[in-house]
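Spelled out from the first residue to the last, the chains are:
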Amino acid sequence: MKKLITLALVALMALAGTTTQAYAQENNNADNKQSAKAQRDAERARQKAEAAYVDSLMHQSAVAAIEGRQFVLEADKVIFKHGETAYVNTNTNFVLMNDDRGTVQVAFNTPFGGPNGIGGVTVDGNVSNIKMKETKRGDVNASFAVQGIGISAQVFLTLTRGSNEATVTITPNFNSNTLTLQGRVVPLEQSTIFKGRAL
């Protein structure tokens, strides 16, 4: 009987040790998971803060370029009058201002050259009626007219707060085919656009 009690006590102690060890291992695993999650969260927060800082710098650069009348909106998306959309090449779809000269160009991937030779229309001319103001929300609105030879267009630009993303609405004087371009505003010297034949 004494042997049996001793054996039972040894078994109980071994079981208690195993349970304690298993509990300690579970706690250790939980701590490791929490630590890994905290590291991932910290890394995500760092990346987000870094991206916000870069966006802020790009916004400041875009605002300075618009104020200095030396900018290009390179569009990657065109929205037509009735809401249809097309993704386009940023090198050939743009709105440009260079001091008192401006260019509005759209070019689509079609087999037809179009008036500008690259599948669309290019209006190149003098810029007038330039207006610019910042909204309470922090967006920047600008408007101006581009007067080409026989064709002109009214341009309305909205630069989104905290980034260089912008939307431009173009209203030509020769028809009611209003277009909206979405893209990014960059300083003129950083642009990589290709200009077709102007009207």
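See the structure printed just above.
The structure displayed is predicted, hence computed values, not measured ones.

On to the overall build of the chain. Check the secondary structure of the chain and you find one helix and nine strands. Written out in order from the N terminus, the α and β elements of the chain read α-β-β-β-β-β-β-β-β-β. By residue count, 33% of the 199 residues in the chain fall in the buried class. A separation of at least 24 residues holds for 46% of the contacts in the chain among residues at least 6 apart in sequence. Accessible area of the chain: about 12500 Å², with a carbon and sulfur share of 56%.

Turning our attention to a nonpolar patch on the surface. Taken together, the side chains of Tyr53, Val54, Leu57 and Met58 define a hydrophobic patch exposed on the protein surface, amounting to about 370 Å² of accessible area. Looking at the secondary structure, you find valine 54 in helix α1 (residues 2–67).

What follows concerns unusual backbone geometry. Negative phi is the rule for most residues except glycine; trans is the rule for most peptide bonds. A positive phi is found at arginine 69, a non-glycine position, where the angle reads about 55°. With respect to the helices and strands, arginine 69 occurs in the loop between α1 and β1 (70–79). Given a relative accessible area of 35%, arginine 69 falls into the partly exposed group. One non-glycine residue, asparagine 129, lies in the positive phi region at around 55°. Turning to its location among the elements, asparagine 129 is positioned in strand β5 (residues 120–134). Owing to a relative accessible area of 54%, asparagine 129 belongs among the exposed residues under this scheme.

Moving on: the pattern of salt bridges. Under the defined criterion, the tally for this structure stands at six salt bridges. Linking glutamate 50 and arginine 46 is a salt bridge whose minimum nitrogen-to-oxygen distance equals 2.9 Å. Here the residue glutamate 50 and the residue arginine 46 both occupy positions in helix α1, the gap between them amounting to four residues, near one helical turn. Looking at arginine 46, the relative accessible area reads 41%, which means it is partly exposed. It is possible to trace a salt-bridge network through shared partners that takes in Lys37, Asp41 and Arg44.

Before going further, it helps to examine the nonpolar core. Counting 30 residues, the largest nonpolar core has Val95, Leu159 and Val185 as the members making the most contacts within it. Counting five residues, the second-largest nonpolar core is a separate cluster that includes Val72, Leu96, Val186 and Leu188.

Pairing of strand β6 (residues 140–147) with strand β7 (residues 152–159) involves eight bridges; the strand directions are antiparallel. Along β7, the bridge assignment pairs valine 146 with alanine 153. Two successive antiparallel strands, β6 and β7, enclose a turn made up of four residues, where glycine 150 displays a positive phi of approximately 85°. By the bridge criterion, seven bridges tie β7 to strand β8 (residues 165–172) in an arrangement that is antiparallel.

Let us look at the packing of aromatic side chains. This model, assessed by the stated rule, comprises two aromatic pairs. A centroid spacing of 6.4 Å and a plane angle of 75° characterise the contact between phenylalanine 71 and phenylalanine 144, whose relative ring orientation is edge-to-face. You can see phenylalanine 71 sitting in strand β1 and its partner phenylalanine 144 sitting in strand β6, a full 73 residues away along the chain.

Procedures and definitions
- Residues numbered from 1 in each chain as written.
- Predicted model: local features only at pLDDT ≥ 70, side-chain atom pairs only at ≥ 80, totals over all residues.
- Heavy atoms only, no water.
- Helix = DSSP H or I, 4+ residues; strand = E, 2+ residues; numbered from the N terminus.
- Buried < 20%, exposed > 50% of the residue type's maximum accessible area, 1.4 Å probe, protein only.
- Contact = heavy atoms within 4.5 Å.
- Areas by Shrake-Rupley, 256 points an atom, 1.4 Å probe, with all protein chains shown as cover.
- Patch = residues over 30% accessible without salt bridge, like charges linked within 9 Å, V, L, I, M, F, W, Y side chains within 5 Å.
- Salt bridge = Lys/Arg side-chain N within 4 Å of Asp/Glu carboxyl O.
- Core = buried A, V, L, I, M, F, W, Y, C linked by side-chain atoms within 4.5 Å.
- Pairing = 2+ DSSP bridges.
- Phe/Tyr/Trp six-rings, centres within 6.5 Å; stacked < 30°, edge-to-face > 60°.

Function cannot be inferred from these measures alone, as they are strictly geometric.
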